[in-house]
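In case you want the letters, here they are:
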Amino acid sequence: MRIKKREGVLLGLILGLLLILLSYTSSISVTAKATGLPEMIMWSSYDVGSGGFIQASAMADGLRKQFKLKVRVLPSGTSIGRLTPLKTGAATYGFLADETYFAVEGLYEFSGYIWGPQDLRVVLQHPAAISLVATAKSGIKKPADFKGKRVAWVLGSPTIYVKAEALLAFAGLTWKDVQKVEFPGYAGSLKGLVEDKVDGAITIPTASIMYELESSHMGIYWPEFPASDKEGWARVRRIAPWLSPGKEDRGAGLKKGQPRELPIYSYPQIVTYAKQSTEEVYALVKALDETFDLYKDTDPVMPDWAIAKSGKTPAGAPFHDGAVRYLREKGIWKTEDDQWNNQFLERLKKVQNAWGRTIEEATEKKISEKDFPDFWLKKKKEIVGD
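Residues numbered from 1 in each chain as written. Predicted model: local features only at pLDDT ≥ 70, side-chain atom pairs only at ≥ 80, totals over all residues. Heavy atoms only, no water.

Section: the overall build of the chain
- Assigned secondary structure in the chain consists of 14 helices and 10 strands.
- Judged by the C-alpha coordinates and their principal axes, the chain covers about 95 × 60 × 40 Å.
- Here the chain, with 386 residues, has 50% of them falling under the buried criterion.
- Restricting the contact set of the chain to residue pairs at least 6 apart, pairs at least 24 apart contribute 71%.
- Carbon and sulfur atoms provide 55% of the accessible area of the chain, an area that totals close to 18500 Å². (Helix = DSSP H or I, 4+ residues; strand = E, 2+ residues; numbered from the N terminus. Buried < 20%, exposed > 50% of the residue type's maximum accessible area, 1.4 Å probe, protein only. Contact = heavy atoms within 4.5 Å. Areas by Shrake-Rupley, 256 points an atom, 1.4 Å probe, with all protein chains shown as cover.)

What follows is the structure in structure tokens.
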């Protein structure tokens, strides 16, 4: 009799736990369904500890808290590593930077047979300052002063040296006008400033080593890139069209309330493929907007994810239709954003058409994988006209 009672009590406990579990699972499903998003979302991002990973994780946590959505962030230290999960379908969205532009244009690591121009779209993009910083000791005060000075070139990192090339062009300079100092990595190029191995390098004001530079005997100085210099910015955008004029007062060598005119780029920008459902992308932007208060204070740069800032052009690719729909409803998306987006979409059609024609010709001529990137870039220039 006692055994039956124990069995009855045990059975009751098991049934109770099952009911609780079913109730919890049901609540997740109902909450997720209400957002119009899948219960599980996979994002790719920069490495663990990077700004991109920290921001993606904070936003994912906001979605978990508000809507009980399961979001997994897949970190990677390379552009290919961040885009491959999107291409294969292992992830739906990526937190990327300049590689977005390289991918849609089929440049650098995306110029080979297996990649080529990717039909990517931006969901939202985080505006962040990045510039050519100088040591105070160098005496550099304006972009033109970099002439004859030592400027860092990071080997195998087009995202760094292309921006340096573009910002030198602001003053009408090229790599031939400066002393190019090669470094094997980004961190080493910044350390080179502290060690007086280089006078200027590309970085963000909040990089930890910039505070070290500021307090060192070398000192720190941020030359300005004024928005009023239209010709200078036209030269910048011919090389790096994703850069735009902006202002920043946060970081080493900067004073709160006294912003300096520095270039702005998208880091990170949430990216997906154009084929992604308009309804889902709309739902994601809406959900990120509604959970903004849950993640805006997790890091000093998070307030810039407010859609009034992160829903504006320019970016590394055209904005997705789902994002545009929500941003337009909120009054964020303006006529100038439409014009920029449409121009970029037209360009992508030309680039993708050029890719198709190049593949056909390369196949006929049996161009090797090794020789194909140069062949593609030559054909692209002929067909697209740049």
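Some words on the environment of P205
- Along the chain, the position of P205 falls in the loop between β8 (200-203) and α7 (208-215).
- Residue class for P205 comes out buried when judged on its relative accessible area of 3%.
- As a C-alpha pair, P205 and G49 span 156 residues in sequence and 17 Å in three-dimensional space.
- Here P205 is in contact with A129, M210, Y211, W222, E248, R250, G251, A252, L254 and L262, once residues within four sequence places are set aside.

What about unusual backbone geometry?
- Omega for the peptide link from Y267 to P268 comes to -15°, which places this bond in the cis form.
- If you trace the backbone, P268 turns up in strand β10 (residues 260-273).
- A positive phi angle, near 55°, is found at K366, a position not held by glycine.
- In this structure, K366 sits in the loop between α13 (335-365) and α14 (372-384).

Re the nonpolar core
- Counting 90 residues, the largest nonpolar core has W43 and L243 as its most contacted members.
- For this core, the element with the highest residue contribution is helix α5 (residues 158-170), accounting for 8 residues.
- Setting aside residues no more than four positions away along its own chain, W43 makes contact with A56, M59, A60, L63, V71, R72, V73, L74, A91, Y93, F95 and L284.
- Counting 18 residues, the second largest nonpolar core, distinct from the first, contains A152, F183, A201 and M218. (Core = buried A, V, L, I, M, F, W, Y, C linked by side-chain atoms within 4.5 Å.)

A look at the side chain of K379
- Take K379: it is sitting in helix α14.
- Accessibility expressed as a relative area gives 14% for K379, which makes it buried.

Considering the pattern of salt bridges
- In this structure the tally under the stated criterion is 27 salt bridges.
- Here D61 ties to R64 by a salt bridge, and the two come within 3.8 Å at their closest N and O atoms. Here D61 and its partner R64 are both found in helix α2 (residues 51-67), 3 residues apart, which amounts to about one turn of the helix.
- On the basis of relative accessible area, D61 is assigned to the partly exposed category, the value being 30%.
- Since its relative accessible area comes to 35%, R64 is described here as partly exposed.
- Between D61 and K65 there is a salt bridge whose closest N-O contact spans 3.2 Å. One end of the pair is D61 and the other is K65, both in helix α2 and 4 residues apart, which spans about a single turn.
- Residues joined in a network through salt bridges with shared partners are K137, R150, D196 and D199. (Salt bridge = Lys/Arg side-chain N within 4 Å of Asp/Glu carboxyl O.)

Things to note about the confidence of the model for the chain
- For the chain, mean pLDDT is 91; residues scoring 70 or higher make up 91% of the total.
- Below pLDDT 50 for its whole length, residues 13-30 participates in 4 contacts with residues either more than four positions away or in separate chains. (pLDDT = per-residue confidence, 0-100.)

A short note on the layout of surface pockets
- Roughly 1200 Å³ of internal volume is contained in the largest pocket.
- Broken down by secondary-structure element, the contributors of at least two residues to the lining of the largest pocket are α2, α3 (79-88), α4 (99-105), β4 (120-129), α5, α6 (186-194), α7 and β10.
- When its residues are assigned to classes, the lining of the largest pocket shows 24 nonpolar, 15 polar and 9 charged.
- Computed from the structure, the second largest pocket encloses a volume of approximately 910 Å³.
- Lining the second largest pocket are 26 residues, and of these Y101, R237, R238, I239 and P241 lie nearest its centre.
- Broken down by secondary-structure element, the contributors of at least two residues to the lining of the second largest pocket are α4, α5, α8 (230-239), α13 and α14.
- Of all the elements, α8 adds the most residues to the lining of the second largest pocket, at 6 residues.
- Among the residues making up the lining of the second largest pocket, the classes are represented as 16 nonpolar, 1 polar and 9 charged. (1 Å grid on protein atoms, 1.4 Å probe; cavity = no way out; pocket = protein on both sides within 12 Å on 5 of 7 lines; lining within 4 Å. Points joined across faces, edges and corners; volume = space filled by probe spheres on them. Nonpolar A, V, L, I, M, F, W, Y, C, P; charged D, E, K, R; others polar.)

Section: the packing of α5 against α8
- Their axes nearest at 7 Å, the elements α5 and α8 cross at an angle of 155°. Judged on the interaxial angle alone, α8 and α5 are roughly antiparallel. The interaxial crossing formed by α5 with α8 has right-handed handedness. Every residue of α8 that contacts α5 at V162, E165, A166, L167, A169 and F170 is listed here: G232, W233, R235, V236 and I239.
- Considering only residue class, the contact of α5 with α8 consists of 8 nonpolar, 1 polar and 2 charged. (Axes fitted to C-alpha atoms, helices over the stretch in contact; angles between N-to-C directions. Parallel < 35°, antiparallel > 145°, perpendicular 65-115°, else oblique. Left-handed = near helix turned anticlockwise from the far one by under 90°.)

Considering the packing of aromatic side chains
- For the coordinates displayed, the defined rule picks out 21 aromatic pairs.
- Chaining the aromatic ring pairs together yields one cluster made of Y101, F102, Y108, W153, Y161, W175, W242, W340 and F344.
- The ring of Y46 has R82 sitting right over it, with the charged end atom 3.5 Å from the ring centre.
- Above the ring of Y282, the side-chain terminus of R325 is found at 3.8 Å from the ring centroid. (Phe/Tyr/Trp six-rings, centres within 6.5 Å; stacked < 30°, edge-to-face > 60°. Lys NZ or Arg CZ within 6 Å of the ring centre and 35° of its normal.)

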